[in-house]
Amino acid sequence: MLIRATGAITSSVVRGRRLLVLCYHRVLKQSDPMSPDVVDSRVFDSQMSVLANSFQPMLLTDAVDQLYTGKLPRRAVCVTFDDGYADNFEVALPILRKHGIPATLFVATGYLDGGRMWNDTVTESIRRSSHTTLNMPDLDLLDQSLKTVADRAIAARKAVLAIRRLAHDERLQRTASLAEDIGAELPDNMMLTSKQLLELHKAGVEIGAHTVSHPILTRLDSQSALDEIRDSRNQLRELTGAEVRGFAYPNGQPGVDYDQTHVSAVAQCGFKYAVSTARGSSNQHDSRFEMPRLDPWDSNPLKFGLRLALEYARPPSRVA
């Protein structure tokens, strides 16, 4: 009943040929109160079931080709992952295979084989802290309680938001200082190994680039930004032996995290398309180098399907 109802609604709502791209990062084995917005295996499995039964899941590179040649099927949807977390291989891949869903993974190459994203360093440090409060006065974080898991989740979220917009080097310095101050041993297995990445590639997952160190490109000089974009592509080509067609802008908000200089750099480096985190769906008149995506936040399958159906009518959001 759920699938038939969702399918009927998508048939009536969708107009024309638009492409909807979903943006995931992690898929946890179990829900984590420190990361309440991250989907777990149960939710991801239910979402992939909705896609398989009510939509037309496609590999992103194929969908892009068909979108811009006017051959895209109705209800076309693509699944993508950013950054390169190990649970994309350990948890997400078996579920994708179960439902026959293709996927694209955009990898920040500098974190392969034991690296850790800066925001995870913040979260995992606060999770393991023996302190009862967090104080970062220069970032307006004063006496943030760490007494309960819920308190720690709130403190971690505030710390990540405060550090997120700092210049690249300052962001890394502040993150390292926080971890050193807390002094806890942090996990080194959160990101993919090169071997796992190759296994994903062999399983048919499309591998795209996401820079080397995941900087905010607008905070870099033009040469450093170009190096980040080009080097990530070259490293992935060398590792997989395959062409790297797609790129995902770190953080991904147009005009904030990247600008037209970086759009031109992506094209210059030989990519065929690029995705942002602007919300909306794409048609063949939109730029193939600024394709919007949607964060799939609904845990209820019916709401998830209904929201996706409505998103096809939404044009890309833009940030001036």
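The structure under discussion appears in the preceding block.
Residues numbered from 1 in each chain as written. Predicted model: local features only at pLDDT ≥ 70, side-chain atom pairs only at ≥ 80, totals over all residues. Heavy atoms only, no water.

A.B. asks: Honestly, the pairing of strand β1 (residues 19–24) in this entry has me stumped. Any pointers?
C.D. replies: Within β1, six of the six residues are buried, which leaves the element mostly enclosed by the surrounding structure. With burial as the criterion, each face of β1 is covered, one bearing L19, V21 and C23 and the other bearing L20, L22 and Y24. (Buried < 20%, exposed > 50% of the residue type's maximum accessible area, 1.4 Å probe, protein only. Helix = DSSP H or I, 4+ residues; strand = E, 2+ residues; numbered from the N terminus.)

A.B. asks: Could you clarify how one ought to interpret the packing of aromatic side chains in this entry?
C.D. replies: Centre distance and the angle of the planes are the two values used to describe a pair of aromatic rings. A full pass over the atoms with the stated rule returns seven aromatic pairs. Geometrically, the ring pair formed by F55 and Y312 is stacked, given 6.2 Å between the ring centres and 15 degrees between the ring planes. You can see F55 sitting in the loop between α2 (41–54) and β2 (56–57) and its partner Y312 sitting in the segment after α11 (301–311), a full 257 residues away along the chain. You can call F55 buried: its relative accessible area is 7%. Ring pairs connect the aromatic residues F247, Y249, Y258 and F271, which therefore count as one cluster. Lying over the aromatic face of F271, R233 brings its terminal NZ or CZ to 5.3 Å of the ring centre. Between R288 and the ring centre of Y68, over which it is positioned, the NZ or CZ distance is 4.4 Å. (Phe/Tyr/Trp six-rings, centres within 6.5 Å; stacked < 30°, edge-to-face > 60°. Lys NZ or Arg CZ within 6 Å of the ring centre and 35° of its normal.)

A.B. asks: Can you walk me through the pairing of strand β4 (residues 103–107) in this structure?
C.D. replies: Each regular strand displays side chains that alternate between the two surfaces of the sheet. The element β4 is largely enclosed, with a buried count of five among its five residues. Side chains A103, L105 and V107 of β4 all project onto a buried face; the interleaved residues T104 and F106 project onto the opposite face, where all are buried too. The pairing of strand β3 (residues 76–83) with β4 spans five bridges and is parallel. Among the inter-strand pairings, T80 is bridged to a residue of β4, identified as T104. A crossover connection joins β3 to the parallel β4 through helix α4 (residues 87–99); in handedness this β-α-β unit is right-handed. In terms of strand pairing, β4 meets strand β7 (residues 206–209) through four bridges, oriented parallel. Note on β7: the bridge partner recorded for L105 is I207. (Pairing = 2+ DSSP bridges. Right-handed = clockwise from strand over helix to strand, strands pointing away.)

A.B. asks: Any chance you could explain the nonpolar core here in plain terms?
C.D. replies: In globular proteins that are soluble, nonpolar side chains generally tend to be buried together. Core analysis: the largest hydrophobic core is formed by 50 residues, its most contacted members being F44, L51 and F81. Among all residues touching F44, those that are not within four sequence positions of it are Y24, V27, V39, F81, A92, I95 and L96. Within the second largest apolar cluster, 18 residues are counted, among which are M34, V122, A153 and A156. (Core = buried A, V, L, I, M, F, W, Y, C linked by side-chain atoms within 4.5 Å. Contact = heavy atoms within 4.5 Å.)

A.B. asks: Is there a simple way to think about the layout of surface pockets in this case?
C.D. replies: One simple way to see leftover space: roll a probe sized like a water molecule over the atoms. Of the pockets and cavities examined, the largest pocket occupies roughly 1400 Å³. Lining the largest pocket are 43 residues, with H25, D37, V38, N119 and R164 sitting closest to its centre. Here the residues of the lining of the largest pocket are counted per class, giving 19 nonpolar, nine polar and 15 charged. A volume near 340 Å³ is recorded for the second largest pocket. If you go around the second largest pocket, you meet 16 residues; those closest to its centre are R26, L28, K29, D87 and E90. Looking at the lining of the second largest pocket, the elements with two or more residues in it are α4 and α5 (118–128). The class makeup of the residues in the lining of the second largest pocket is six nonpolar, two polar and eight charged. (1 Å grid on protein atoms, 1.4 Å probe; cavity = no way out; pocket = protein on both sides within 12 Å on 5 of 7 lines; lining within 4 Å. Points joined across faces, edges and corners; volume = space filled by probe spheres on them. Nonpolar A, V, L, I, M, F, W, Y, C, P; charged D, E, K, R; others polar.)

A.B. asks: What's the story with the pattern of salt bridges in this structure? I'm lost.
C.D. replies: Any two side chains of opposite charge can pair, on the condition that their charged atoms come close. Tallied over the full model, the rule gives 13 salt bridges. Ionic pairing is found between R230 and D231, a salt bridge with its closest N-O pair at 3.6 Å. Here D231 falls in the partly exposed class, since its relative accessible area comes to 29%. Here R279 and E311 are joined by a salt bridge, their closest N and O atoms 2.5 Å apart. Here E311 lies in helix α11 and R279 lies in the loop between β9 (273–275) and α11, a separation of 32 residues in the sequence. Here E311 falls in the buried class, since its relative accessible area comes to 2%. In the salt-bridge network here, residues are joined through shared partners; they are D32, E124, R127 and R128. (Salt bridge = Lys/Arg side-chain N within 4 Å of Asp/Glu carboxyl O.)

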